Amino acid sequence: MAKKLQSIRGIHDGLPEQVRCWQHIEQAARTIFERYAFSEVRLPVLEPTELFVRSIGAATDIVSKEMYAFVDQGGDHICLRPEGTAGAVRAYLQAGLTRSGAQRWYYMGPMFRRERPQKGRLRQFQQIGLEWFGVSGPVEDVEVLALAESFLKALGLVDLRLELNSLGCDQCRPVYRTVLVDFLRNAADRLCETCHERTEKNPMRVLDCKEERCQSTLREAPEITGHLCAACASHFEQLKLGLDALGIGYEVNPRIVRGLDYYNRTAFEFVTDRLGAQGTVLAGGRYDGLIEELGGPATPAIGFAAGVERLAMLLETPESPRPDFAIVSLGEQTLVWSLEQADWLRSQGFVVVHCGGGGAKRQFKLADREHARFTAVIGEEEMQRNLITVKDMETGEQRTMTRQEVVTFAHR
Ligand code: ATP
Ligand code: MG
């Protein structure tokens, strides 16, 4: 027998029940994001590999080992997007929008990272993200966090923690970096192998290490919040005041650094304790240097992305929808007329399944399995009198009536 074909490890199918949950999340996002006047964009899944190398940073985990990158038949270096921001910036520049005032975009779709698959850590996963180009904050930072909180609240997720940090800027971060590298080199024997490497290549990333040993060592590490320049400190202060004013709770966590190089100043994560090491469900921050880095004019920006599968794990699976009617047609003569009645009921907004005609026993069994609210039986007598026999499956009540009466009956 041929080997069974399977999906790739860490890449899952979205079957109806799962997709219903995702759609619920997407719908909440659309509703809330559009209230803040954000517009959806649909951007390519394939991008030039160079885009991610230049934006995310060569020393990050994503670029150094997680990208699905390949050379296509024409010799072009191509990559399945691991995240949405770089592509959004590319599209913004390509469309020549840098002088059109602030742009508010959101997107949803699949991202690809060749990580070690775990619960809540997949190789193909979906993000819902948002980018606001051309705003320097801190007012907009407050608004983005208010929006993110409203979105999570709309999903009924009220037990999440907002962790907040400032990553400083080109002025103050290098100073902090030096102090941090000193600390890390001295603490090297209490850090994991990967962190030794990070200390030299990308020291801020050490703070984000998920190893327990590293985390406990890092409790004594110097904190960026103590090294911010006056402008960054003031930006951070105003952000916190804004959140306080809106009643949005947060904790300052000086170890939040984000896994991508392009962030500066505001960085944040919404975290749950219910998903272990995969507890971050929504994360983002400011990236004031990225647009210039990719060849555009200096343009500040802020954004975030949420992991749809992680959000879904925190939500109850929505119940499968029940059809309103299952149509049983008895006798060959009635089939066409019963199909017409099914369509007429659909035109009235009802969800209708037709049981396909044929034997009565088989049809009633099918009708049962559909869990429709009503079974509509159409026999020859009904057809001749232009009537339908409707049984309420909950109460057992059964009546023969005109199709207009059926509508009223079903709407009771
Ligand atoms: P983590 O620290 O969990 O690896 P990250 O910092 O790499 O996350 P981002 O690049 O900021 O994540 O992506 C934003 C969100 O996308 C994450 O907070 C998470 O909810 C989701 N996400 C990221 N990677 C994965 C993945 N491999 N599988 C499922 N969801 C993911
Ligand atoms: Mg990651």
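Above: the structure in question.
Because the structure is predicted, anything quoted here is derived from the model rather than measured.

1. Focus on the packing of aromatic side chains
No. 1: Under the counting rule described, the total for this entry stands at ten aromatic pairs.
No. 2: Both rings, one in Trp 105 and one in Phe 133, keep their centres 5.4 Å apart while their planes meet at 80 degrees; by these two values the pair is edge-to-face. Separated by 28 residues along the polypeptide, Trp 105 in strand β5 (residues 103-112) and Phe 133 in strand β6 (residues 124-133) bring together distant segments of the chain.
No. 3: Taking the relative accessible area as the measure of exposure, Phe 133 reaches 0% and is therefore buried.
No. 4: Among the aromatic residues, those joined into a ring-pair cluster are Phe 33, Tyr 106, Phe 151 and Phe 304.

2. Some remarks on the nonpolar core
No. 1: Of all hydrophobic cores here, the largest spans 95 residues; its most connected members are Phe 33, Phe 151, Phe 268 and Leu 282.
No. 2: Take this core: its biggest share by element is eight residues, from helix α5 (residues 139-154).
No. 3: Ranked by size, the runner-up nonpolar core spans 18 residues in total, among them Trp 344, Ile 388, Phe 409 and Ala 410.

3. Some thoughts on the pattern of salt bridges
When the charged atoms of two side chains with opposite charge come close together, those side chains can pair.
No. 1: By the definition in use, this model includes 26 salt bridges.
No. 2: Between Glu 40 and Arg 42 there is a salt bridge, with the nearest N and O atoms lying 3.1 Å from each other.
No. 3: By relative accessible area, which is 70% here, Arg 42 ends up exposed.
No. 4: Put simply, Lys 240 and Glu 237 hold a salt bridge, and the shortest N to O gap is 3.2 Å. You can see Lys 240 and its partner Glu 237 sitting in helix α9 (residues 230-245), three residues apart, about one turn around the helix.
No. 5: Residue Lys 240 is classed as buried on the basis of its relative accessible area, which comes to 16%.
No. 6: Through salt bridges with shared partners, a single ionic network connects Asp 61, Lys 65, Arg 198, Arg 205, Asp 208 and Lys 210.

Conventions adopted
Residues numbered from 1 in each chain as written. Chains lettered and ligands numbered in written order. Predicted model: local features only at pLDDT ≥ 70, side-chain atom pairs only at ≥ 80, totals over all residues. Heavy atoms only, no water. Phe/Tyr/Trp six-rings, centres within 6.5 Å; stacked < 30°, edge-to-face > 60°. Helix = DSSP H or I, 4+ residues; strand = E, 2+ residues; numbered from the N terminus. Buried < 20%, exposed > 50% of the residue type's maximum accessible area, 1.4 Å probe, protein only. Core = buried A, V, L, I, M, F, W, Y, C linked by side-chain atoms within 4.5 Å. Salt bridge = Lys/Arg side-chain N within 4 Å of Asp/Glu carboxyl O.

Purely geometric stuff here, so don't read any function into it on its own.
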